[in-house]
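Letter by letter, the chains look like this.
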Amino acid sequence: MSQNLDLFPIGNCAASALIDRAGRYIWACAPRVDGDPFFCALLTGKDPADGDVEGLWEIEVEGATHTTQAYLRNTPILRTEIRNAEGAGIEIIDFSPRYRHLGRQYRPLAFVRIVRPIGGAPRIRIRLRPMANYGERACYTTTGSNHIRYVGEEVTLRLTTDAPVSHIVEERAFRLEEPIGLFLGPDEGLDADVSTTTARMLRETTDYWRGWVRTLSVPLEWQEAVIRAAITLKLCAYEETGAIVAALTTSLPEHAADPGAGRNWDYRYCWLRDAYYVVQALNRLGAADMLENYLVYLRNLVELASRGEMPGGGTGPAQPDLPGLGQAHPPGKAGHVQPVYGVGLEPVLTEWIAPNLPGYRGIGPVRVGNQAHEHLQHDVYGQIVLSTVQAFFDERLLRPATADDFRALEPIGERAFELHDKPDASLWEFRGREAVHTYSSVMCWAACDRLGNAAGKLGLTERADHWNARAAQVRETIERRAWNAEAGRFAATFEGDGLDASLLQMVDVRFLPADDPRMAATMAAVEEGLRRGPYMLRYAVPDDFGLPETAFNFCTFWLIEALHLSGRTDEARTLFEEMLGRRTAAGLLSEDITLDGKELWGNYPQTYSLVGLINCANLLSKSWQSIR
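Here is what the cut-offs are and how they apply
- Residues numbered from 1 in each chain as written.
- Predicted model: local features only at pLDDT ≥ 70, side-chain atom pairs only at ≥ 80, totals over all residues.
- Heavy atoms only, no water.
- Helix = DSSP H or I, 4+ residues; strand = E, 2+ residues; numbered from the N terminus.
- Salt bridge = Lys/Arg side-chain N within 4 Å of Asp/Glu carboxyl O.
- Buried < 20%, exposed > 50% of the residue type's maximum accessible area, 1.4 Å probe, protein only.

A. Spatial organisation of unusual backbone geometry. Omega for the peptide link from Gly 364 to Pro 365 comes to 0 degrees, which places this bond in the cis form. Counting through the fold element by element, Pro 365 comes out in the loop between strand S24 (352–353) and strand S25 (367–368). With an omega dihedral of -20 degrees, the bond running from Tyr 604 to Pro 605 counts as a cis peptide bond. Residue position: Pro 605 is located in the loop between strand S32 (600–601) and helix H14 (607–620). Not every positive phi belongs to a glycine, and Tyr 134 is a case in point at roughly 50 degrees. Positive phi outside glycine occurs at Trp 222, with the angle close to 60 degrees. As for its placement among the helices and strands, Trp 222 is situated in the loop between helix H2 (194–214) and helix H3 (223–235).

What follows is the structure, encoded as structure tokens:
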């Protein structure tokens, strides 16, 4: 099967879709990124290239022999060119509209396709086959003189076009002699000329994205790669609420070695950990808009959590009982926070298996929801404070953080202090075991430490002393209980001897400098134990589903950072170039990669991986001063 993850995302921070190398929409959800997949061909177990596949939107050129694709410069607008043996063909411009309109941001749940003939009048066939209820049935349709309505479970979308509607309904081949516009969006009339309107949308959307990119402070080297990663991270934002999802997809397996392993997860939700890393990376590029919008999401979450108002969740019907993970929300426990929420702040993400979708390459299950909402993952307290603390210092922000915001954060810090030496499921979300994980404890230390910084900035001397004392106490615990004297390094768990790539993050959060002998010894041990050729594992011991079979791309970027910080910059640059060479044609990465580097696996595009790319480019690039 030729199906792969060489896919191009488009979107507008409300709508998103993945387009394959033949210009087919094979993934898009409605009404939100975590909704029913209107286009679900990615998970039908069939290769769209084999024909007769549902859940896609295809524009076929009869006799096509050659296809090229590229984004318009500094935008997520995709241009696909398809030609036949005679040189006749079409150009397809795909995008979701985004621009200022009537004093507000226009970002509808909508997809635009502008199709133009090039080199003659080719015969084309349009197949628009959306599905409903996770692949259970085709959408019901009704038609009008210039539109087709596709009625799904949660939403109805309307295609408005100046192409012959009957040609689309009947999937009839026809000559493309003039450009046509296709606007698939809200179920409401489009009271304007379709081609004129979509052409205007294209111009204004192009202007928006190029204007946004101009605000970025990019490194001298690898600019194109960094810009593409930054644009895609922005596409992973659900701007209405400020949430940032971990990926645009669900259930793309981590590897194919064991089709029954079940390493298939739904990443279309806001993990506070992943979102922290995203805003951290974009902050380094100066993208203050992403930080500000995410802070709105966090402030809403913190207020509810501080009052102990968020209800607990239940285990999804497809999951076994999971001993040890406990109740995510102790009743009335102020400050308690889950690791993951829905894009609308929904706390309950009940996990179930979609029976009508066989999965990518037939590797199921296809999961909807994520049982991790029930987990105890104590690092999230640090990530909330780390994401927020900049607002106490950054004078650019429209709404700098206040003393009231600080007081709202203090229950989060108290929970971090309370839990810094308690077992959790770790950032890797183990489903069947717990331990006191060093990374989680270090993040609890960071919560206390940064609250001390914020209190100092606000002139709250007594609170600064309080939090600095808390941070010192947590530090002492970590240095005593996570240090393995026999091995001469830090361990992944308290009183343990295991290794975990997240130990490398002790430098990034400033728990220890890279030249601290203890940190140097830990870096060396992590590299020796977890590096496989150029790539890094998260850990090298069996988890709930057996031994990991693929490397984790974000961890490889952590290794690159560690190599540079330990003085091995030439080696770090070589490894960074290796990772750049493993990107898709869209310039992106998924979550995992095979140990031979030949194939990407896991959900896509993965924010963790793109964060790593941006961070390493900033760290390794030559200075702009070198050319001025």
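B. Structural view of the pattern of salt bridges. Per the counting criterion, the structure on display carries 55 salt bridges. For Arg 113, the salt bridge identified is with Asp 94, shortest N-O distance 2.5 Å. Separated by 19 residues along the polypeptide, Arg 113 in strand S11 (residues 111–118) and Asp 94 in strand S8 (residues 89–95) bring together distant segments of the chain. For the pair Arg 113 and Asp 94, a shared accessibility class is recorded, and that class is buried. Between Glu 479 and Arg 518 there is a salt bridge; the shortest N-O distance is 3.5 Å. Remark: Arg 518 occurs in helix H11 (residues 517–530) and Glu 479 occurs in helix H9 (residues 461–481); sequence separation between them is 39 residues. Given the relative accessible area of 25%, Arg 518 is considered partly exposed. Salt bridges sharing common partners tie together Asp 20, Arg 24, Asp 52, Glu 54, Glu 58, Glu 60, Glu 62, Arg 123, Arg 125, Arg 127, Arg 129 and Glu 171.

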